[in-house]
Amino acid sequence: NKSQQEDFELPLFDLASIAHATNNFSHDNKLGEGGFGPVYKGILPDGQEVAVKRLSRTSRQGLKEFKNEVMLCAELQHRNLVKVLGCCIQDDEKLLIYEYMANKSLDVFLFDSSQGKLLDWPKRFCIINGIARGLLYLHQDSRLRIIHRDLKASNVLLDNEMNPKISDFGLARMCGGDQIEGKTNRVVGTYGYMAPEYAFDGIFSIKSDVFSFGVLLLEIVSGKKNRLFYPNDYNNLIGHAWRLWKEGNPMQFIDTSLKDSYNLHEALRCIHIGLLCVQHHPNDRSNMASVVVSLS
Ligand code: ACK
């Protein structure tokens, strides 16, 4: 249906060619289940590997969110954001075609014990830096000013050289101009990464993204997942990091599988940055510009 597609600036793919590339969305081609439906691996006629996100008809993400994601994606170009190659809206199908990320998600590398702990310290530091730069790009562009709202380890994908790229902008919001925060009655995102003001009051801003980044950073350094968020829950990862920092033992926070192979100076700097990002009050948190400077 041509007229439905005309509003978009992204390259348009033909449904038949994507069906062919993914073996008719076969089970064998399925990479996994995203927040809005399955993701398939595809191979285009020229041999290029792609990931195809197929919006399920029963998905929480309706046409409106899909268009939101498509329009955002058309604007975004950064080495730490998963590149969108095009889209397809045809015969009730809504598809987004992404570059294929050979090493899948950071989540698997960090927390899946069958993968072993394959990430050495230089890789982790490089991943932290890349995520910070990608998020800064989203936040700082005064025209876009994008709040991701669901930054987490499973939304960071790794290319064949283990460079990190942020994915999944379906929940992102543009807050251009003077609007610095938004409020929603429908909180989307992931507990464990959500800033308190967002989880409890639905208030999101670039500072709620900074909170999620801080959690993610602490996860990368510790190799542990932050489980549920409760205010003042000192058993969670944030409380644990704080306690060790205050006791003067932050080294104990660092992933034991790294043994002594980490750069102590860098690792401690990362923990400190992480703690500044997960402050309870948004105004006390860092912003991504200062995070990027502190990391370099
Ligand atoms: O953790 P994964 O293996 O990596 O499982 C999820 C799944 O699809 C649902 O999101 C994978 N995935 C998503 N986008 C891509 C992509 N561009 N390249 C490779 N895998 C992807 C993700």
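Residues numbered from 1 in each chain as written. Predicted model: local features only at pLDDT ≥ 70, side-chain atom pairs only at ≥ 80, totals over all residues.

## Thoughts on the overall build of the protein
Move 1: Looking only at helices and strands, one finds 10 helices and 11 strands in the protein.
Move 2: Per-residue burial for the protein yields a buried fraction of 41% across its 296 residues.
Move 3: In the protein, 62% of the contacts between residues at least 6 apart in sequence involve partners at least 24 apart. (Helix = DSSP H or I, 4+ residues; strand = E, 2+ residues; numbered from the N terminus. Buried ≥ 20, exposed ≤ 12 C-beta atoms within 10 Å, placed from the backbone. Contact = placed C-beta atoms within 7 Å.)

## Digging into the packing of helix H5 (residues 121-140) against helix H10 (residues 288-295)
Each pair of packed helices gets described by two things: the angle between the helix axes and the distance between those axes.
Move 1: The N-to-C vectors of H5 and H10 enclose an angle of 150°; their axes lie 9 Å apart at closest approach. Compared by their axis directions, H5 and H10 come out roughly antiparallel. In this structure, H5 meets H10 at a crossing whose hand is left-handed. Of the residues in H10, those touching H5 at Ile128, Asn129, Ala132, Arg133, Leu135, Leu136, His139 and Gln140 are Met288, Ala289, Val291, Val292 and Leu295. (Axes fitted to C-alpha atoms, helices over the stretch in contact; angles between N-to-C directions. Parallel < 35°, antiparallel > 145°, perpendicular 65-115°, else oblique. Left-handed = near helix turned anticlockwise from the far one by under 90°.)

## A closer look at the site of the ligand
Move 1: By nearness alone, 17 residues border the ligand, and Gly32, Gly34, Ala51, Lys104 and Ser105 come closest of all.
Move 2: Broken down by secondary-structure element, the contributors of at least two residues to the shell around the ligand are strand E1 (30-34) and helix H4 (106-111).
Move 3: With 4 residues, E1 is the largest single contributor of residues to the shell around the ligand.
Move 4: Class assignment of the residues belonging to the shell around the ligand gives a composition of 9 nonpolar, 5 polar and 3 charged. (Near = placed C-beta within 6 Å. Nonpolar A, V, L, I, M, F, W, Y, C, P; charged D, E, K, R; others polar.)

## Re the sheet that holds strand E5 (residues 93-99)
Move 1: Taken together, 5 strands build an open sheet; the order of strands is E1-E2-E3-E5-E4 and the sheet is antiparallel. The open sheet has two free edges, formed respectively by E1 and strand E4 (84-90), since each of these has just one partner strand. For this sheet the average axis-to-axis angle between neighbouring strands, irrespective of direction, equals 25°.
Move 2: For strand E3 (residues 49-54) and E5, the ladder comprises 5 bridges, and the chain directions are antiparallel. Residue Ala51 lies in a different strand from E5, and its bridge partner there is Tyr98. (Pairing = 2+ DSSP bridges.)

## Points about the confidence of the model for the protein
Predicted coordinates in regions of low pLDDT should not be interpreted in detail.
Move 1: Within the protein, residue pLDDT values average 86, and 82% of them lie at 70 or more.
Move 2: With pTM at 0.89, the complex prediction returns an ipTM value of 0.97. (pLDDT = per-residue confidence, 0-100.)

## Thoughts on the packing of helix H7 (residues 206-222) against helix H8 (residues 237-246)
Move 1: Remark: H7 packs on H8, axes separated minimally by 10 Å, with the N-to-C direction vectors making an angle of 70°. When the axes of H7 and H8 are compared, the pair comes out roughly perpendicular. Viewed along their axes, H7 and H8 form a crossing whose handedness is left-handed. For the pair H7 and H8, contact is made by Val215, Leu218, Glu219 and Ser222 and by Leu237, Ile238 and Ala241, respectively.

## Some thoughts on the pairing of E3
Along a regular strand, successive side chains alternate from one face of the sheet to the other.
Move 1: Where burial is concerned, most of E3 is hidden: 5 out of the 6 residues are buried.
Move 2: The pairing of strand E2 (residues 37-43) with E3 spans 5 bridges and is antiparallel. Directly across from Tyr40, in E3, lies its bridge partner Val52.
Move 3: Where E2 hands over to E3, the hairpin turn is made up of 5 residues, of which Gly47 adopts a positive phi near 95°.

## Quick notes on unusual backbone geometry
Move 1: Positive phi outside glycine occurs at Phe25, with the angle close to 50°.
Move 2: For Phe25, the position within the fold is in the loop between helix H2 (15-21) and E1.
Move 3: Of note in the backbone geometry, Asp91 takes a positive phi value of approximately 45° without being a glycine.
Move 4: Here Asp91 lies in the loop between E4 and E5.

## Considerations on the environment of Leu151
Move 1: Here Leu151 lies in the loop between strand E6 (146-147) and strand E7 (156-158).
Move 2: In this structure Leu151 comes out as buried when scored by C-beta crowding, with 28 C-beta atoms within 10 Å.
Move 3: Distance in space between the C-alpha atoms of Leu151 and Ile166 is 7.8 Å, their sequence separation being 15 residues.
Move 4: Residues within four places of Leu151 in sequence aside, it is in contact with Leu135, Ile166, Tyr193, Asp209, Ser212, Phe213 and Leu216.

## What to know about H8
Move 1: Turning to H8, its buried residues are Leu237, Ile238 and Ala241. Projected down its long axis, H8 carries its buried residues within an arc of 100°, all on one side.
Move 2: Buried positions along H8 lie against H7 and helix H9 (264-277). (Arc of directions from axis to C-beta.)

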